[in-house]
Amino acid sequence: MRTCDVAIVGLGIMGSAALYTLAKQGVDVIGFDPIAVGETRGSSHGSCRVFRRFNFESPAYTALSDHALTAWRELEAVSGQRILIPSPVLEAGPPGNATVAGSRAAALAAGVAADGPTTGAEANALFPAFSLPDGWDVVVQGGGGIVLAETALRAFRAAAPDRIVSEVARFEARPDSIAITTASGEHYAAKTLIVAAGPWIGDLLPKLRPHLVITRQTVGWFEPSRPELASPDAFPVFMLDTPGGFVYGFPDFEGRGVKAARHDLGPPARPDEWGPPAADAELAAVSDTLSAYIPGAFGRIVDRDVCLYTNTLPGDADGSPAEEFIIDRWPDDPRIIVASPCSGHGFKFASAIGQIVARMATDQAAGADPAFRLARFSSFAR
């Protein structure tokens, strides 16, 4: 039986960020995940994710964004690779829109006043690919960008390739250790365990499953009708909160088309349900949004993908909102750390969250933000 100080089950972006941090610190760590970088499974695959400094979900995320930005830049310096491409982030919606108001509030709370376009007409003048209604509310924030997802995942894992076991693993808490068994029957023992298994986390921790919902999210790449208007120097990352749904997307920075998807929750799914491929009907709302509001980016679908969101339900013990992260010690055994910041807006924070859970794994007194605690659910309230 091989022993280690810290084991990590699940090496998506969160688990890999923790692996990287612990390995850099010289901690004896082993990570387990059967999914190789580049496979189209899990919630961390694909080329890119949005980075926002100011988050409409909560001004409390700004400090976490700033922490993550510093950590992303550190990863770039260590790996010698570009991880984060700067880009303005345009958010828009009908007058009185809560998304725009939330991002403005987060910026103001950080002492940053909006100085870009505030209406649809002003945004259209700045970004000619767009045709937003003139009276829509708009905020364009600086400090945003595009996280190169697969590049980041590879860079994290490259720091400790000999510490990765490419197998499914299950665990059992014992008095003297956390026992881990792989699918091939290999046995390991760890002093501390981080569980960062994305959509599979409810299978590993069944008590958590009633508080989670997993959904199928479809993504498309669209051939822009005006390629010169969809390039990174003329086109922002965008988030449109429209009557037909919440759609986000990226400039054509890869020469692959404009990537766009709905952020609204899709149909319920199980962790291993990856088929069938995204259908035209599933991407119809995205197509309609581009056609109506960003005609310069609209065109035929040239590629498609499927991802899974793992969202929390509302906190039934304290009335806290749904779609919040879980970063906490398992109440039944504080040697186990649960990391499930998987609600469709967590990826950008991964470089910071990896450091947070790594510290929790090596310092029993360390914890995460109280908003991420399990006690907001009745199953774990004390």
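About the cut-offs
- Residues numbered from 1 in each chain as written.
- Predicted model: local features only at pLDDT ≥ 70, side-chain atom pairs only at ≥ 80, totals over all residues.
- Heavy atoms only, no water.
- Pairing = 2+ DSSP bridges.
- Helix = DSSP H or I, 4+ residues; strand = E, 2+ residues; numbered from the N terminus.
- Axes fitted to C-alpha atoms, helices over the stretch in contact; angles between N-to-C directions.
- Contact = heavy atoms within 4.5 Å.
- Parallel < 35°, antiparallel > 145°, perpendicular 65-115°, else oblique.
- Left-handed = near helix turned anticlockwise from the far one by under 90°.
- Nonpolar A, V, L, I, M, F, W, Y, C, P; charged D, E, K, R; others polar.
- Buried < 20%, exposed > 50% of the residue type's maximum accessible area, 1.4 Å probe, protein only.
- Core = buried A, V, L, I, M, F, W, Y, C linked by side-chain atoms within 4.5 Å.
- Salt bridge = Lys/Arg side-chain N within 4 Å of Asp/Glu carboxyl O.
- 1 Å grid on protein atoms, 1.4 Å probe; cavity = no way out; pocket = protein on both sides within 12 Å on 5 of 7 lines; lining within 4 Å.
- Points joined across faces, edges and corners; volume = space filled by probe spheres on them.

Draft legend 1. Structural context of the sheet that holds strand β7 (residues 145-148). Read across the sheet, three strands follow the order β3-β7-β4 without closing on themselves; strand pairing throughout is antiparallel. Both edges of this open sheet fall to β3 (48-51) and β4 (84-86), since each of them pairs with a single strand only. Across the sheet, the mean angle from the axis of one strand to that of its neighbour is 25°, orientation sign disregarded. Pairing of β3 with β7 involves four bridges; the strand directions are antiparallel. Bridging across to β7, Cys48 finds its partner in Leu148. Along the sheet, helix α5 (residues 149-158) contacts β3 and β7; its crossing angle with β7, the most-contacted strand, is approximately 50°.

Draft legend 2. Just the packing of helix α1 (residues 13-24) against helix α8 (residues 350-362), in detail. Contact pair α1 / α8: the axes reach a minimum separation of 7 Å and the direction vectors enclose 60°. When the interaxial angle is binned, α1 and α8 end up oblique. Read as a crossing pair, α1 and α8 show a hand that is right-handed. For the pair formed by α1 and α8, the contact residues are Ile13, Met14, Ala17, Ala18, Thr21 and Leu22 on the first element and Ala350, Ile353, Gly354, Gln355, Val357, Ala358 and Thr362 on the second. Split into classes, the residues belonging to the contact of α1 with α8 amount to nine nonpolar, four polar and no charged.

Draft legend 3. How the structure looks around the environment of Trp330. Following the sequence through the fold, Trp330 ends up in strand β17 (residues 326-330). Taking the relative accessible area as the measure of exposure, Trp330 reaches 8% and is therefore buried. Put simply, Trp330 and Leu208 are 122 residues apart on the chain and 10.0 Å apart in space, counted from C-alpha to C-alpha. Beyond its immediate chain neighbours, meaning those up to four positions away, Trp330 contacts Leu205, Lys207, Leu208, Ile336, Val338, Leu374 and Phe380.

Draft legend 4. Structural context of the nonpolar core. Residues Ile8, Ile13, Leu22, Trp72, Ile194 and Val357 are the most contacted members of the largest nonpolar core, which totals 47 residues. Listing elements by their share of this core, those giving two or more residues are β1 (2-9), α1, α2 (61-79), α5, β18 (333-340) and α8. Counting residues per element, this core draws most heavily on α8, which supplies eight residues. Contact partners of Val357, with chain neighbours within four places excluded, come to Ala18, Ile194, Ile327, Ile337 and Ala339. In terms of nonpolar packing, the next biggest core, distinct from the first, is built from 33 residues, Phe32, Val165, Val195 and Leu374 among them.

Draft legend 5. The sheet that holds strand β6 (residues 137-141), seen in detail. Pairing is mixed across the open sheet formed by seven strands, whose spatial order is β6-β5-β13-β14-β15-β12-β16. Of all strands in the sheet, those with a lone pairing partner are β6 and β16 (301-312), marking the two edges. Between one strand and the next, the sheet's axes are offset by a mean angle of 15°, whatever the strand orientation. In terms of strand pairing, strand β5 (residues 89-93) meets strand β13 (residues 237-242) through four bridges, oriented parallel. By the bridge assignment, Glu91 is partnered in β13 with Met239. Docked against the sheet, helix α3 (residues 98-109) engages β5, β6, β13 and β14 (245-249), running at close to 40° with respect to β6.

Draft legend 6. Region of interest: the pattern of salt bridges. Summed over all chains, the structure comprises 18 salt bridges. Here Glu172 ties to Arg174 by a salt bridge, and the two come within 3.4 Å at their closest N and O atoms. Residue Glu228 is joined to Arg226 by a salt bridge in which the shortest nitrogen-to-oxygen separation is 2.6 Å. A relative accessible area of 46% places Glu228 in the partly exposed class. Overlapping salt bridges, with partners in common, bring together Glu254, Arg256 and Asp303 in one network.

Draft legend 7. The layout of surface pockets, seen in detail. Counted as a void, the second largest pocket has a volume near 490 Å³. Where the lining of the second largest pocket is concerned, the elements lending two or more residues are α2 and α8. Looking at the lining of the second largest pocket, its residues break down into 15 nonpolar, four polar and six charged.

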